[in-house]
Amino acid sequence: MTQQVEKAKPKRRTYQRSDNVIPDYDYLFEEERSSKKHSKKPRLFKKVLKMNTKPLVTSTLVYFLQALPTWIIPLVTANIINLVTASVTSGVGITRETWIELALNAVIAVVMILQNVPTTVWRDSIMSRMLRRTSAGIKSSVVRKLQSLSITYHKDMQTGVIQSKFLKDTDQVDQLFSITVRNLIPSIITVIVAVAISVYKNGFVALFFLLVVPINLILTFAFRKKVREGYRDFRVKTEDMSNKLSNMLAMMTVTKSHGLEEVEISAFKRSMHKLTGSGMRVDRTGALFGASSWVTSTVMSTLCLVFCAAMALLGQIQVGDIVLYQTMFSQINSGVSVLIGLMPAMASGFEAINSVSEIMNATDIEINIGKVDVPKIEGNVTFDKVYYKYPNTEQYVVKDFSLDVKAGECIAFVGASGSGKSTIMNLIIGFLIANQGEVLIDGKPIQKCNLSEYRHHISVVPQNSILFAGTLRENITYGLNRYSEEDLLRVVEMANLKELVDELPKGLDTVIGEHGDKLSGGQKQRVTIARALIRNPQILILDEATSALDNISEYHVQKAISSSIKGRTTFIVAHRLSTIRNADRIVVMEQGVAVEVGTYDELMQKKGKFYELKCLNDMNQKTAEEALA
């Protein structure tokens, strides 16, 4: 069901504080969408940092302890050099006070160095816990959003693009927060402390040091736009490559069966060439930026050394202070350089936030909050003057459709491709909601029902069998936490799978390969029927379940269908009309309109549209059989 997100207030979930509990970060994206500010990426970034204020403050305070040696050692070194210089030049010699001061400086240095071990472990523990929880929270939020998005969204969005956003871009977002905590904040602190020490020792020297900041800022602004645009282009081409790979794997059987391997390889090479070119442009920009930054840093460091030496020669500072100021300048210069060097990674991270937000900000979602609970259903389905057209189109694919289906009835839909049959099935499932009219389940409008609960009472057997790499048992019981062995064996019998199970080396626990590739088409379809039946649904939907099967496979699947529809409201979309002879009613669709409704015999006697379809169907089947003979 498609709804605008703004119509429902996002519910922020609370969790007991635990390192093993994955937090819910959905609300961060929800709040971001309601903002009227133009810039969304920094706002999300700030909100995540704000949410982690306590561990950020704690880790920052611990960093001061951890980094003390880098600030204390230069001071101790300068003190020792000045102490030795003073003793040598004074002519007094080495006094007892000199040895005491020398020992005191040595003790301070050793203590500062030793404390670095526990403080480093402590700070890393705080950061690791915070970053791991943040990463898990973002990834789980994306998965929850993907599950809440409508089927229409997933059909429009290419699978490869979604995979790239989830696998690559969420990792880039993780990296953004990691470098912020591990590199950005420490570099800022290092620059501030180094400047403070320099100002305390000599304000004039510190003023010279501060020249490095505007020079590096000019360098940053010169490259910022090019770096950001480069990463955006690289991200888009990466998504395109991921999508092409996903399509190539899905089409592998078709490709090999038609000898089109070289065509696929050539197409992939063209995409790879574009991605490589984009990546090389990003690398060249990064290399030029890095080299420019290093040259600027090195030149400024050399100028600092000459400047401090001149100050010492003029008697403005002590000789030992040259080491101190050179170290402080190096820290300032290094800190600013790190901040500048982080720009490409930060740009990549913000672009990744933008990419992930494309999923999180999507409004085409199913909203079940506040909907009517559906603890059980009888299976009565009513279509009351239903119209439906797909988004951004003008043509209705279902028009003025009305039908009253009693619990336990079997209704078959026939008609040409595009006549509206599958659309009606999607309306029953709740994947689509009527633009006009209503679909009622036991007298309740489906759009007012909690669709997630409602779907626990229905099962769908699609035209294309959807299986996954695992055992036969896992595929049949997919999503069920509890089931009895008796129920499993019963549906195996109903789906006409017993003979197959007996033949398999490990029975129900036999691995059937990726997408069930170790099974035939008819066997796959019967597995999906068993999966539908073990849920004991009140409504069963069979969407052209036999259209792609040969006669023998169709016979077995049809036999499984016949035993499965008893006592359930069943909707069948039929390709082969001979398979629906026993349906309670048959609905003939043409261009979205139900042109005929009746039993098989009634429609055949009428000699209308259904009769024409049946004759055409029989003729096509006879032609196919003759061709095979």
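Residues numbered from 1 in each chain as written. Predicted model: local features only at pLDDT ≥ 70, side-chain atom pairs only at ≥ 80, totals over all residues. Heavy atoms only, no water.

Asks: Sorry, what's going on with the packing of aromatic side chains here?
Replies: Each aromatic ring pair is specified by the distance between its two centres and by the angle formed by the two planes. Summed over the entire model, instances satisfying the criterion amount to nine aromatic pairs. Relative to Phe-177, the ring of Phe-45 lies with its centre 5.6 Å away and its plane at 15°, an arrangement referred to as stacked. With Phe-45 in helix α2 (residues 41-51) and Phe-177 in helix α7 (residues 159-201), this pair connects stretches of sequence that are 132 residues apart. The residues Phe-45 and Phe-177 share a single accessibility class, namely buried. Between Tyr-387 and Tyr-396, the aromatic rings sit 5.6 Å apart at their centres with planes inclined by 75°, giving edge-to-face as the arrangement. According to the relative accessible area criterion, Tyr-387 is partly exposed, its value standing at 24%. (Phe/Tyr/Trp six-rings, centres within 6.5 Å; stacked < 30°, edge-to-face > 60°. Helix = DSSP H or I, 4+ residues; strand = E, 2+ residues; numbered from the N terminus. Buried < 20%, exposed > 50% of the residue type's maximum accessible area, 1.4 Å probe, protein only.)

Asks: Got a minute to help me understand the packing of helix α4 (residues 96-114) against helix α5 (residues 116-148) in this structure?
Replies: Pairs of packed helices are described in terms of their axes, by the angle between the two and the distance that separates them. One way to put it is that α4 packs onto α5 with a least axis distance of 5 Å and a crossing angle of 30°. Looking at the two axes, α4 sits roughly parallel to α5. Note on element contacts: α5 touches α4 through Asn-116, Val-117 and Pro-118, opposite Met-112, Ile-113 and Leu-114. Here the contact of α4 with α5 is composed, by residue class, of five nonpolar, one polar and no charged. (Axes fitted to C-alpha atoms, helices over the stretch in contact; angles between N-to-C directions. Parallel < 35°, antiparallel > 145°, perpendicular 65-115°, else oblique. Contact = heavy atoms within 4.5 Å. Nonpolar A, V, L, I, M, F, W, Y, C, P; charged D, E, K, R; others polar.)

Asks: What am I meant to see in the nonpolar core here?
Replies: Soluble globular proteins: nonpolar side chains tend toward being buried together. With 38 residues, the main nonpolar core has Val-414, Leu-472, Ile-476, Leu-497, Ile-580, Ile-586 and Phe-610 as its most contacted residues. If you list the elements that add at least two residues to this core, you get β3 (410-415), α16 (472-476), α17 (485-494), α18 (498-503), α19 (521-533), β7 (539-543), β9 (585-590) and α21 (600-606). In this view, Leu-497 contacts Ile-476, Val-492, Gln-523, Arg-526, Val-527 and Ala-530; residues no more than four positions away in its chain are not counted. Formed by 32 residues, the second largest nonpolar core is a distinct cluster that contains Phe-401, Ala-434, Cys-449 and Phe-571. (Core = buried A, V, L, I, M, F, W, Y, C linked by side-chain atoms within 4.5 Å.)

Asks: Explain the sheet that holds strand β5 (residues 444-445) here, please?
Replies: One key point about sheets: their strands pair by backbone hydrogen bonds, in either a parallel or an antiparallel sense. Ordered by their spatial adjacency, four strands build an open sheet running β2-β1-β4-β5, and the pairing between neighbours is antiparallel. Across the chains shown, the open sheet's two edge strands, defined by having one partner strand only, are β2 (398-405) and β5. Note: strand β1 (residues 381-388) against β2, five bridges, orientation antiparallel. Residue Tyr-388 lies in a different strand from β2, and its bridge partner there is Val-398. The strands that helix α14 (residues 421-429) touches are β1, β2 and β4 (436-441); relative to β1, the one it contacts most, it runs at about 120°. (Pairing = 2+ DSSP bridges.)

Asks: I would appreciate a short explanation of the confidence of the model for the chain in the present structure.
Replies: Detailed reading of predicted coordinates is not advised where the pLDDT is low. Mean pLDDT for the chain: 79, with 84% of residues reaching 70 or above. This model gives residues 1-22 a pLDDT under 50, and the stretch forms 41 contacts once residues within four places in sequence are excluded. In the predicted structure, residues 31-42 sits below a pLDDT of 50 and forms 19 contacts with residues beyond four places in sequence or in another chain. (pLDDT = per-residue confidence, 0-100.)

Asks: Please clarify how the sheet that holds strand β10 (residues 593-598) should be interpreted in this entry.
Replies: The six strands are arranged β6-β7-β8-β3-β9-β10 in an open sheet whose pairing can be described as mixed. Edge positions in the sheet fall to β6 (458-461) and β10, since each has one partner strand and no second. In this sheet, adjacent strand axes meet at a mean angle of 15° when their direction is disregarded. Here β9 pairs with β10 via five bridges, running antiparallel. Along β10, the bridge assignment pairs Val-587 with Val-597. On the sheet, α19 packs against β6 and β7 and is oriented at approximately 175° with respect to β6.

Asks: Would you explain the packing of helix α11 (residues 261-313) against helix α12 (residues 320-341) in this entry?
Replies: Their axes nearest at 10 Å, the elements α11 and α12 cross at an angle of 165°. The orientation of α11 with respect to α12, classified from their angle, is roughly antiparallel. Where α11 crosses over α12, the handedness of that crossing is right-handed. Taken together, the residues of α12 that come into contact with α11 (itself represented by Phe-289, Ser-293, Ser-297, Thr-298, Met-300, Ser-301, Cys-304, Leu-305, Cys-308, Ala-309 and Ala-312) are Ile-322, Tyr-325, Gln-326, Phe-329, Ser-330, Asn-333, Ser-337, Ile-340 and Gly-341. (Left-handed = near helix turned anticlockwise from the far one by under 90°.)

Asks: Where do I start with α19 in this structure?
Replies: The first and last C-alpha atoms of α19 sit 19 Å apart over 13 residues, in line with the 18 Å expected at 1.5 Å per residue. Most of α19 is tucked away, with twelve of its 13 residues classed as buried. Those residues of α19 lying buried are Gly-522, Gln-523, Lys-524, Gln-525, Arg-526, Val-527, Thr-528, Ile-529, Ala-530, Arg-531, Ala-532 and Leu-533. (Expected span 1.5 Å × (residues − 1).)

Asks: Any chance you could explain unusual backbone geometry here in plain terms?
Replies: For residues that are not glycine, phi is negative in most cases, and the peptide bond is trans in most cases. Its identity is not glycine, yet Gln-591 carries a phi of approximately 50°, on the positive side. By secondary structure assignment, the location of Gln-591 is in the loop between β9 and β10. With phi around 55°, Lys-607 is a residue other than glycine that occupies positive phi space. Take Lys-607: it is sitting in the loop between α21 and α22 (609-628). Given the relative accessible area of 56%, Lys-607 is considered exposed.

Asks: Before we go on, may I ask you to explain the pattern of salt bridges in this structure?
Replies: When the charged atoms of two side chains lie near each other, side chains of opposite charge can form a pair. Taken as a whole and judged by the stated rule, the model has twelve salt bridges. Of the charged contacts, one joins Asp-233 and Arg-281 as a salt bridge, the two residues approaching to 3.6 Å between their closest N and O atoms. Of this pair, Asp-233 sits in helix α9 (residues 212-250) while Arg-281 is found in helix α11, placing the two residues 48 residues apart along the sequence. Exposure remark for Asp-233: the relative accessible area of 27% places this residue in the partly exposed category. Since its relative accessible area comes to 41%, Arg-281 is described here as partly exposed. Glu-590 is the salt-bridge partner of Lys-609, the closest N and O atoms lying 2.8 Å from each other. Linking Lys-609 in helix α22 with Glu-590 in strand β9, this pair joins segments that are 19 residues apart in sequence. (Salt bridge = Lys/Arg side-chain N within 4 Å of Asp/Glu carboxyl O.)

Asks: Hey, could you run me through the pairing of β3 in this one?
Replies: Look at any regular strand and the pattern is simple: side chains alternate between the two faces of the sheet. Within β3, five of the six residues are buried, which leaves it mostly tucked inside the rest of the structure. Direction of pairing for β3 relative to strand β8 (residues 569-573): parallel, over a ladder of four bridges. Residue pairing for β8: Ile-411 is matched across the bridge by Phe-571. Here β3 pairs with β9 via five bridges, running parallel. Its bridge partner lying in β9, Gly-415 is registered against Met-589.

Asks: Got a minute to help me understand α4 in this structure?
Replies: Along an α-helix, a turn takes 3.6 residues, which lines up residues three or four apart on a common side. Under the 1.5 Å per step criterion, the end-to-end length of α4 is 27 Å for 19 residues, consistent within 8% with the ideal 27 Å. Inspection of α4 places Thr-98, Asn-105, Ala-109 and Met-112 among the buried residues, and these make up the whole buried set. The buried residues of α4 occupy an angular sector of 70° when projected down its axis, which confines them to one face. Every exposed residue of α4 that faces more than 90 degrees away from the buried side is listed here: Arg-96, Trp-99, Leu-104 and Leu-114. (Arc of directions from axis to C-beta.)

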